[in-house]
Structure formats: C-alpha cells, structure tokens
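Observations on chain architecture
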Amino acid sequence: METIIVEGGHRLQGTVTISGAKNAALPILVSSLLTEGWNVYDNVPDLRDIRTIKKLLTELGARVETEEDVVKINTSALESHEASYDLVKTMRASVLVLGPLLARLGRARVSLPGGCAIGARPINLHIKGLEQMGADISLEHGYIDARARSLKGADIYFDIVTVTGTENLMMAATLADGVTILRNAAREPEVVALADTLNQMGAQITGAGTPVVTITGVDGLKPASVTIIPDRIETGTFMIAAGVTGGDIKIVGCEPAHLAAVIHKVRQSGITVEEEPHGLRVVCETTISSVDVKTIPYPGFPTDMQAQFMVLMCLASGLSVISETIFENRYIHVSELQRMGADIKVSGSTAVIQGGKPLTGAPVMATDLRASASLILAGLAAEGTTEISRVYHIDRGYEAIEKKLAQLGARIRRTRG
Ligand code: EPZ
C-alpha cells in the first residue's frame, strides 16, 4: 500500500501550475456519448477518476485515445448501455452516463452508486428528473434500469442543489423533444463548462451558471473540441499550502473568478492574495487570524475546500467555527487531525477549531479525496514527520501532488510500501 511521507516545517515558495478540473472533465468526457465522431479534449488531468471514466466509456464501446493531456473519444460504435457495479462503486460520478445513454440509445442500466465516506449521496433527484422527461425507471438488484422511447422536455425543480444531477439532466435534455427547464440548478463553473461544451456540439442551452437553465432539444449533435477549465479546488488547496507554511507561491493557469469565496476567506485570515496576469500570488507573512466558514452551493464557499481550510484554522490564533451544510459526514479528517494535536470539537454539522495549538507529525489515514489533501497540508505545517496511508484517495483528484509540492520546497515523498 503506497504512503506519502511529509517532513514538516519547510516554507513553500516558487511557482505551481494548476491542472485541468476533474469535476469538469468527468461530465465533459461523458458528453461524448451524445454524438458520433471524434471528440477532442485538451488539458485533461491525469487522475485515477479520469482513468476510471475512460475505462467505463471503453466498456460501453467507445474508442478512447490519450496522448499526454489530450483525450480523443469516439462513441460511433456503442455496444452496451450498462455501467457495471465494479466501476460505479469506485466512482459515483459514473452515474453521469445515465442521462446521455437514455438520450442516445433510449436504454441505460447503471449500478446504484451506494454511499461513500462523506455521506449517503442518493441520486433520487437524477431519477425523478428523468422520469419527468418520460423515462421508465426501475430499481432492482442494485441497478437502475431505465428505458425511454424518446425523452420529452419537462419543467424540473431540484429540491436540493445537485451538481451531477444538473449535469445528468442537462445532457439528457439536449436530445429530448421540446424544452426542459431546470430550476434550482447548480451554478458551479464545471456546470457552465459542460453547457459551453454541449452548445459547441450544437445544443441549445441558456442560463447555465444561474439557478434556471433552459435546454431546447435538437435532433442531433456534432463532436466537440474543448479545453478543460482549471481546477479551482486544486488552486484553493495550494493557496492553503502557502498559508500553512508561511510561504510565497505563484499559482499559474488558475481562474481566480472560479473561487472568489475561497479568496475572500483566505484574505480574511490575513494572507495576501494578489491577482496577477497568469493567476494568483499567495503570500503568508503574518499570523493567521481565525475565520468562520459555512459551506454552501456555488458561488458560496465550496464543501470541497472545507477540510483544507480547517487545517489553516488549526494554525490560526483564536477560535473559528466551520459549518458543513452539503454533506452529512464530511468531518472524517477531524479525528486524524486530532491525532496531530489539533483542538477541534464536532457537534453535528458544526466544527469548532481552537487554533494556535502546534501540530505534530503522526501516522494518519486518508479516508476521502479532500480529507487526504488536508492531511498533507497538516503534515507540511507539523513539527516532525507525517506518514499518510491509503493515498489512492488523493490520486483520484490531484495530479502528482507530491511532485508539485516538492518543486515548491516541500520535503515530501511517496513510498511504494
Ligand atoms: C459533486 O458531487 C462533486 N463531484 C463533489 O466533488 C462535490 O463535493 C459536490 O458536487 C458538491 O459540490 C463531481 O462533480 C464529480 P451533489 P455530487 O449532487 O454531484 C444531495 C470531489 O471531491 N443529493 O451536488 O454527487 C447530496 O446527498 C467531489 O471532487 C440528493 O439528496 O454532489 C448532497 O447532500 C466530492 N439527491 C447534496 O445533494 C440527489 O439526487 C449535494 O450533492 C443528488 C444529491
């Protein structure tokens, strides 16, 4: 089992380049199911989850070619409409094939994803929306079995803002008969990037990035050629890395407009964040001030940055309160941080952090993608050495994180233990 070993106490400085966004690339690669011909995607990050979705598309009959960060996908010869449990259980975003397969083939059989470390994460809103569009859906033997002779436009209201729910139904609606309206839709940059890609393919989508998205169905789409947007969560993670090491980091290739809430909170903590022509410069020269944070749907503070920000608050002077409103179990990293000396108390969806207690290195275990990033950040700040196990979690969403951090001066290495 691989581990990552971090020796704390080294100031990070230098320049890091941000990779393409995992959560934009996943739905965009899946959108290739909607059309024949060769789709070309540039700036695709080399991540475990990307390899999983390419494997799933190949199993459906797609031809997938990868050359460095360029991925080409051709689904002219789809042979299957089934996404197996083996693949879906490793990555719940696999459910994104449901809408496109229904739109393209009128048939889809996708394993129910089941829960994950951070919560139950049901997909009832995906299913309810597709049923409103005329799909017949049954749940048996752990699978969603969906059929639709033809999908029809519908007026759909999401009881809860759902990112992949919005993306799944948006893709299904591109080829439906008539107009679909998605109300209380997710507004994330990754949703907008998908809409831009679909419109380039000939779809008719307006309102992406606002709570009301309108999709007018068309008869067919043509292949896309797009560049994946930069990863705002990787960007935020490196901003925190500068903060926890008193560093000075230039983050290039990022899109500051995609993480305004994070920049605001990091600045509130006393860290200097300057927008530059090619990205951001983040400099931490003062003691960190405590800042309260509440995670809410975009454009609010993202839940995917909650664990990382908590580490910064462990180093702050004073008391801070974090409220996690998106997932019901996204404090698994707290017990690991407590083993490193953090003073954190959790009650329901609220965590109270008493900052200023020195962190000390310890053997810790990663449990989910962003929690594992927070453990690396804590290791960078801790006195002594931190060994993080189950690092396959981090490889799902961060491209060569230890190489990027080492280039900034971190003492970090991966062991093939
Ligand atoms: C997306 O997950 C992201 N994944 C997650 O990033 C991110 O944390 C999450 O959005 C929230 O921003 C991808 O984009 C691939 P949701 P998603 O549907 O779409 C409830 C990472 O680290 N809900 O927006 O699965 C759900 O339980 C990952 O990269 C229902 O109740 O999240 C949650 O409480 C982790 N029924 C809330 O909505 C549904 O049908 C938001 O979930 C759908 C969702």
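Structure shown above.
Thresholds, definitions, all that
- Counting restarts for each chain: residues are numbered from 1 in the order of the written sequence.
- Totals for whole chains, interfaces and linings use every residue, but because this is a predicted model, local features are given only for residues with pLDDT of at least 70 and side-chain atom pairs only at 80 or more, for both listing and counting.
- Hydrogens and water molecules were not included; the side-chain quantities draw on all heavy atoms of the structure.
- Working definition: helices are DSSP H or I runs of at least four residues, strands are E runs of at least two. Numbering for both runs from the N terminus.
- With C-alpha atoms as the basis for the radius of gyration, the globule rule is written as 2.2 Å multiplied by the number of residues raised to the power 0.38.
- Only protein chains enter the accessibility calculation, which uses a 1.4 Å probe; a residue is then buried when its area is under 20% of its type maximum, exposed when over 50%, and partly exposed in between.
- In this description, contact between two residues means that some pair of their heavy atoms is separated by no more than 4.5 Å.
- To measure how exposed things are, a 1.4 Å probe is used in the Shrake-Rupley method; for residues, cover is taken only from the protein chains shown.
- Positive charges come from Lys and Arg alone, negative charges from Asp and Glu alone, with His and the N- and C-terminal ends not counted.
- Just so you know, the charge point we use is NZ for Lys, CZ for Arg, CG for Asp and CD for Glu.
- Within the patch definition used here, like charges are joined within 9 Å and nonpolar side chains (Val, Leu, Ile, Met, Phe, Trp, Tyr) within 5 Å, considering only residues with over 30% relative accessible area and no salt bridge.
- Any carboxyl oxygen of Asp or Glu within 4 Å of a side-chain nitrogen of Lys or Arg constitutes a salt bridge here.
- Each C-beta atom gives one direction from the helix axis, and the arc is the one those directions make.
- By the criterion applied in these results, polar contacts are pairs of N or O atoms within 3.5 Å in which, for protein atoms, one can donate a hydrogen and the other can accept it, and in which residues neighboring in sequence qualify only through two side-chain atoms.
- Interaxial angles span 0 to 180 degrees and are taken between N-to-C directions of axes, which are lines fitted to C-alpha atoms, for helices over the stretch in contact.
- Working rule for handedness: look at the near helix, and if it is turned counterclockwise from the far one by less than a right angle, call the crossing left-handed; if clockwise, right-handed.
- Three categories are distinguished: nonpolar for Ala, Val, Leu, Ile, Met, Phe, Trp, Tyr, Cys and Pro, charged for Asp, Glu, Lys and Arg, and polar for the others, with Gly belonging to the last.
- Between any two strands, pairing holds if DSSP finds at least two bridges.
- Note on aromatic contacts: the rings of Phe and Tyr and the six-membered ring of Trp form a pair at centre separations within 6.5 Å, being stacked when their planes are under 30 degrees apart, edge-to-face when over 60 apart, and tilted otherwise.
- Comment: the charge-over-ring label is applied if NZ (Lys) or CZ (Arg) is within 6 Å of the ring centre and within 35 degrees of the ring normal.

**Considerations on the overall build of the protein chain**
Of the regular secondary structure elements, the protein chain holds 14 helices and 24 strands. Against the 2.2 N^0.38 benchmark of 22 Å for 417 residues, the protein chain shows a C-alpha radius of gyration of 21 Å, consistent with a compact globule. Overall, the C-alpha framework of the protein chain stretches about 60 × 45 × 40 Å when taken along its three principal axes. Out of the 417 residues belonging to the protein chain, those deemed buried represent 57%. In the protein chain, the proportion of contacts linking residues at least 24 apart, taken out of those at least 6 apart, comes to 73%. Carbon and sulfur atoms make up 49% of the accessible area of the protein chain, which amounts to about 16,000 Å² in all. With 40 positive and 46 negative side-chain charges, the protein chain shows a separation of 2 Å between the mean positions of the two kinds.

**Here's the deal with a negative patch on the surface**
A cluster of like negative charges, contributed by Asp42, Glu65, Glu67, Glu68 and Asp69, occupies part of the molecular surface. Looking at the secondary structure, you find glutamate 65 in strand β4 (residues 63-67).

**Details of helix α11 (residues 332-339)**
All of the buried residues in α11 are His333, Val334, Glu336 and Leu337. The buried side chains of α11 occupy one side of the element, clustering within an arc of 165° when seen end-on. Looking at the packing, one finds that the buried side of α11 touches α10 (306-314), β20 (343-347), β22 (363-365) and α12 (369-381). Backbone geometry just after α11 places glycine 341 at a positive phi near 105°.

**Topic: the side chain of histidine 126**
Mapping histidine 126 onto the fold places it in helix α5 (residues 124-132). A polar atom in the side chain of histidine 126 sits 3.4 Å from the backbone nitrogen of glycine 165. Side chain to side chain, histidine 126 and asparagine 168 meet in a polar contact 3.1 Å long. Contacts of histidine 126, omitting those with residues within four sequence positions, involve Val95, Thr162, Thr164, Gly165, Asn168 and Leu169.

**Notes on the packing of helix α1 (residues 22-30) against helix α7 (residues 189-200)**
Between α1 and α7, whose axes approach to 9 Å, the crossing angle comes to 30°. As α1 packs across α7, the resulting crossing turns out to be right-handed. Contact residues: Asn23, Ala24, Pro27 and Ile28 in α1; Glu190, Ala193, Leu194 and Thr197 in α7. Considering only residue class, the contact of α1 with α7 consists of 5 nonpolar, 2 polar and 1 charged.

**Some remarks on the sheet that holds strand β6 (residues 82-83)**
Spatially, β6-β7-β9-β8 is the arrangement adopted by the 4 strands of the open sheet, whose pairing is mixed. The two strands at the open ends of the sheet, each matched to only one other strand, are β6 and β8 (136-140). Here 5 bridges tie β8 to strand β9 (residues 143-147), and the two strands are oriented antiparallel to one another. For aspartate 136, the partnering residue across the bridge sits in β9 and is arginine 147.

**Thoughts on the packing of aromatic side chains**
Tallying each qualifying case throughout the model produces 1 aromatic pair. Taking 5.5 Å as the distance between ring centres and 75° as the angle between the ring planes, the aromatic pair formed by phenylalanine 301 and phenylalanine 309 counts as edge-to-face. The class of phenylalanine 309 is buried, set by a relative accessible area of 0%. Stacked on the ring of tyrosine 143, the Lys or Arg arginine 109 has its end atom at 4.1 Å from the ring centre.

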